[in-house]
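As a plain string of letters, each chain reads:
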Amino acid sequence: MLVLIGIGSMGTGMEETYQVTSALKHLPFGKHIALLTDARFSGVSTGACIGHIGPEGLAGGPIGKVLDGDIIRILIDRNRMEGSVDLIGEGVRKYSPEEGTAILAKRLPRKDLAPNPALPEDTRLWAALQLAGGGTWAGCVYDADRIIERLQAGGPNHRRE
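This structure is a prediction, so every number in the text was calculated from the model and none was measured.

Chemist: Summarise the overall build of the chain; cite the residues concerned and give the values.
Modeler: Within the chain, the secondary structure is distributed over five helices and six strands. Order of helices (α) and strands (β) in the chain, N terminus to C terminus: β-α-β-β-β-β-β-α-α-α-α. C-alpha extents for the chain along the principal axes are approximately 65 × 35 × 35 Å. The burial tally for the chain puts 33% of its 161 residues in the buried class. Considering only intrachain contacts with a sequence separation of at least 6, the fraction spanning at least 24 residues in the chain is 52%. For the chain, the exposed area adds up to about 10,800 Å²; of that, 57% sits on carbon and sulfur atoms. Positive and negative side-chain charges in the chain, numbering 18 and 19 respectively, have mean positions lying 4 Å apart.

Okay, here's the thing in structure tokens:
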């Protein structure tokens, strides 16, 4: 399993990860590697790719708490169109998906996560508006009323003269 964290809208502006999925496709063992990320995929990515995971790592989502050595299970039922991605262990210790969810909820975000310092101002603003609108999924189609409500919750906004 390959987990790419911190490259969602708040980290790098929601990078496209085709370069990684393309490389995996051409490696002899690549079809045995699943890719999880808070970034996005193009329409030509193939293989076990799960992206747009939200909330993204930098927004405090569970993906930002995944550590080296964690055991992650992916279950996909193609007939029922249901699936899950669960933390089920770390090192030699195994546990239920429910226990894994509780463990992730208690973990602090990774200390090595940080936005790209070269992230353009307009991208930072877009990421903040997306988060205020509900995050990756709810924020893709922004909710202007929710964003305005959250901005106004910060108190009066006086213009400088």
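What follows continues from the structure just given.
Chemist: Explain the sheet that holds strand β4 (residues 70-77) residue by residue, including any values.
Modeler: Spatially, β4-β5-β6 is the arrangement adopted by the three strands of the open sheet, whose pairing is antiparallel. Edge positions in the sheet fall to β4 and β6 (93-94), since each has one partner strand and no second. With two bridges joining them, strand β5 (residues 82-90) and β6 adopt antiparallel strand pairing. Bridged to Glu90 within β6 is Arg93. Lying over the sheet, helix α2 (residues 97-106) contacts β4, β5 and β6, oriented at roughly 70° with respect to β5.

Chemist: Explain the pairing of β4 to me, and be specific about the residues and the numbers.
Modeler: Within a regular strand, the side chains alternate between the two sheet faces. Of the pairings in the sheet, the one linking β4 to β5 comprises eight bridges and is antiparallel in character. Looking at β5, one finds that Ile74 is bridged to Val85. What sits between the antiparallel neighbours β4 and β5 is a turn of four residues, in which Met81 has the positive phi angle 60°.

Chemist: Any chance you could break down the nonpolar core for me, citing the residues and the numbers?
Modeler: Formed by Ile5, Leu36, Ile63, Val66, Ile72 and Leu113, the largest nonpolar core amounts to six residues. Apart from residues lying up to four places away in sequence, Val66 is in contact with Ile5, Ile72, Leu104, Arg107 and Arg110.

Chemist: Can you tell me about unusual backbone geometry, naming the residues and giving the values?
Modeler: Along the chain, Gly54 connects to Pro55 via a cis peptide bond; the corresponding omega equals 0°. Summarising the element assignment, Pro55 is placed in the loop between β3 (49-50) and β4. For Met14, which is not a glycine, the phi torsion comes out positive at approximately 70°. With respect to the helices and strands, Met14 occurs in the loop between β1 (2-4) and α1 (18-25). Not every positive phi belongs to a glycine, and His52 is a case in point at roughly 55°. Looking at the secondary structure, you find His52 in the loop between β3 and β4. Owing to a relative accessible area of 23%, His52 belongs among the partly exposed residues under this scheme.

Chemist: I'd like a description of the sheet that holds strand β2 (residues 35-37), backed by residues and values.
Modeler: Hydrogen bonds along the backbone pair up the strands of a sheet, which may run parallel or antiparallel. Spatially, the three strands line up as an open sheet ordered β1-β2-β3, and their pairing is parallel. Each edge of the open sheet carries a strand with a single partner, namely β1 and β3. Alignment of β2 against β3, held across two bridges, turns out to be parallel. Directly across from Leu36, in β3, lies its bridge partner Ile50.

So, how was this worked out
- Residues numbered from 1 in each chain as written.
- Predicted model: local features only at pLDDT ≥ 70, side-chain atom pairs only at ≥ 80, totals over all residues.
- Heavy atoms only, no water.
- Helix = DSSP H or I, 4+ residues; strand = E, 2+ residues; numbered from the N terminus.
- Buried < 20%, exposed > 50% of the residue type's maximum accessible area, 1.4 Å probe, protein only.
- Contact = heavy atoms within 4.5 Å.
- Areas by Shrake-Rupley, 256 points an atom, 1.4 Å probe, with all protein chains shown as cover.
- Lys, Arg positive; Asp, Glu negative; His and termini not counted.
- Charge placed at Lys NZ, Arg CZ, Asp CG, Glu CD.
- Pairing = 2+ DSSP bridges.
- Axes fitted to C-alpha atoms, helices over the stretch in contact; angles between N-to-C directions.
- Core = buried A, V, L, I, M, F, W, Y, C linked by side-chain atoms within 4.5 Å.

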